[in-house]
Amino acid sequence: MIFYISGPITGMPDGNKKDFQTAQKAIKWLFKKNHPELKVINPQKIGAKVDRQFKNSGKTPEWEDYMRACVRELATATFVFLLPGWQNSRGAVMEKNMAEMLKIPYATNMDEILQLVIERK
């Protein structure tokens, strides 16, 4: 079971790290016991990886570079969790639309996530 967390990063204080980390911890807490194979994809970590790759090349990554890396990971997800404010984020709106096109269920709160996982069984 793979969860992808989607939400605003650009223009947010500290890149919205706190909300991403809180969601990641909550998802792990809810499902790790019964789903030891659980993986939670946090775009903050993907962004750090992109930064390292570009640092080695001497170039500066663009928004599109981050999104390309995130989209690759999103495509592997079983579920998408949308953080508050996702509607105001160009990238998160794109990720939600991709989830719909790829028929990946998404949720905006923990109750919805629980329901999705129950329905999936």
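Now for a description of the structure that goes with this document. Everything numeric in this text was worked out from a predicted model, so none of it was measured.

## So, unusual backbone geometry
In step 1: Here the phi dihedral of Asp14 falls at roughly 55 degrees; this positive angle occurs in a residue that is not glycine.
In step 2: Assignment of secondary structure puts Asp14 in the loop between strand S1 (2–6) and helix H1 (17–31).
In step 3: The backbone of Asn16 shows a phi angle near 65 degrees, a positive value even though the residue is not glycine.
In step 4: Locating Asn16 in the fold gives a position in the loop between S1 and H1.

## Quick word on the packing of aromatic side chains
In step 1: Counted by the stated rule, this structure contains two aromatic pairs.
In step 2: Between Phe3 and Phe79 the ring centres are 5.2 Å apart and the planes differ by 25 degrees, which places this aromatic pair in the stacked class. With Phe3 in strand S1 and Phe79 in strand S3 (residues 79–82), this residue pair connects regions lying 76 residues apart in the sequence.
In step 3: Classification of Phe3 by relative accessible area gives buried; the value is 0%.
In step 4: Its relative accessible area of 2% is what places Phe79 among the buried residues.
In step 5: One aromatic cluster in this structure is built from Phe3, Phe31 and Phe79.
In step 6: Taking NZ or CZ as reference, Arg90 lies 3.6 Å from the ring centre of Trp63, over its face.

How each quantity is defined
- Residues numbered from 1 in each chain as written.
- Predicted model: local features only at pLDDT ≥ 70, side-chain atom pairs only at ≥ 80, totals over all residues.
- Heavy atoms only, no water.
- Helix = DSSP H or I, 4+ residues; strand = E, 2+ residues; numbered from the N terminus.
- Phe/Tyr/Trp six-rings, centres within 6.5 Å; stacked < 30°, edge-to-face > 60°.
- Buried < 20%, exposed > 50% of the residue type's maximum accessible area, 1.4 Å probe, protein only.
- Lys NZ or Arg CZ within 6 Å of the ring centre and 35° of its normal.

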